[in-house]
Amino acid sequence: MENKTQTSNHQHQSKWTLRNIILIALIAIFCGIIFWGIGFLYTALTVALTPIGAAPFANDILMGLWCMAGPLTGFLIRTAGSAFLGEFLGAAVEVFLGGQWGAGAFISGLVQGVGSELGFTLTGYKRYDWVSLNASILTTVVVTFAWDMYKNGYNKFALPLLIGLFVTRYISTFIFGGILTKMIVKLLDRSNAFSL
């Protein structure tokens, strides 16, 4: 009975507290380290996919990992602006660790953060379930894909390739920003971390 009460109390938007700010910082540091490490995986995957003409897929296969800080932070903290802040600060950590994209990761973090935050905004910060999480995933995919149309020249690709890249990005973001986020939140609910 207690667990149900805690979950329902945590369903609604929370306020900015010192605990929430510290939690955002911890998520950003943890995810920033992951973002930095993914850079090496991206390079290896690009090299592996280049001979078969599928190099652009490296970016979209890994996009869910690069965008997971936003949905995770937004779903855990449940405060307006938290998804954006988690994603942007994660990118900042990646920059300070010497990630291969340098200061350009700030712009990526900004775009990814806006995309992630937009999904929670669409639900009015009132729902924290699969609906809001899926909204965040979809808006993240749409916003980041639109950015790559401009930044990475996706607009020059043929329509079948664009559809393949979009679907790949959606699946990646759904796995890491959706399923993994839900698993982490469930574990934290079971450990009563929200009651601390």
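The written sequence of each chain sets the order in which its residues are numbered from 1. It should be noted that, the model being predicted, local features are given only for residues of pLDDT at least 70 and side-chain atom pairs only at 80 or more, the latter also being counted only at that level, while totals for whole chains, interfaces and linings use all residues. Working from all heavy atoms in the structure, the side-chain values ignore hydrogens and water.

1. Notes on the UniProt feature "transmembrane region" (unreviewed entry) in the protein
For step 1, the next point in the chain: UniProt positions are given in the numbering used here, feature names are shortened, and annotations may be inferred rather than shown by experiment. Under the feature "transmembrane region" (unreviewed entry), the UniProt entry names residues 21–45, 57–77, 131–150 and 157–180.
For step 2, the next point in the chain: Strands are runs of DSSP state E lasting at least 2 residues, helices are runs of H or I lasting at least 4, and numbering of each runs from the N terminus. As annotated, residues 21–45 comprises 100% helix and 0% strand, and the C-alpha atoms at either end are separated by 35 Å.
For step 3, the next point in the chain: Helix makes up 100% of residues 131–150 and strand 0%, with an end-to-end C-alpha separation of 29 Å.

2. Some details on the packing of helix 3 (residues 57–66) against helix 8 (residues 159–190)
For step 1, the next point in the chain: The interhelical angle for the contact between helix 3 and helix 8, taken along N-to-C directions, is 25 degrees, at an axis separation of 6 Å. Between helix 3 and helix 8, the angle is such that the two are roughly parallel. Of the two possible hands of crossing, helix 3 and helix 8 adopt the one that is right-handed. Taken together, the residues of helix 8 that come into contact with helix 3 (itself represented by Phe 57, Asn 59, Asp 60, Ile 61, Leu 62, Met 63, Gly 64 and Leu 65) are Leu 161, Gly 164, Leu 165, Thr 168, Arg 169, Ser 172, Thr 173, Phe 176 and Gly 177.
For step 2, the next point in the chain: Side-chain classes follow a simple rule in which Ala, Val, Leu, Ile, Met, Phe, Trp, Tyr, Cys and Pro form the nonpolar group, Asp, Glu, Lys and Arg form the charged group, and the remainder, Gly included, forms the polar group. A class-by-class count of the residues in the contact of helix 3 with helix 8 yields eight nonpolar, seven polar and two charged. Whenever a helix is involved, its axis is fitted only over the stretch in contact; in every case the axis is a line through C-alpha atoms, and angles between N-to-C directions fall within 0 to 180 degrees. When describing relative orientation, an angle under 35 degrees is termed roughly parallel and one over 145 degrees roughly antiparallel, while 65 to 115 degrees is termed roughly perpendicular and anything else oblique. By definition, turning the near helix anticlockwise from the far helix through less than a right angle yields a left-handed crossing, and turning it clockwise yields a right-handed one. By definition, residues are in contact when any of their heavy atoms lie within 4.5 Å.

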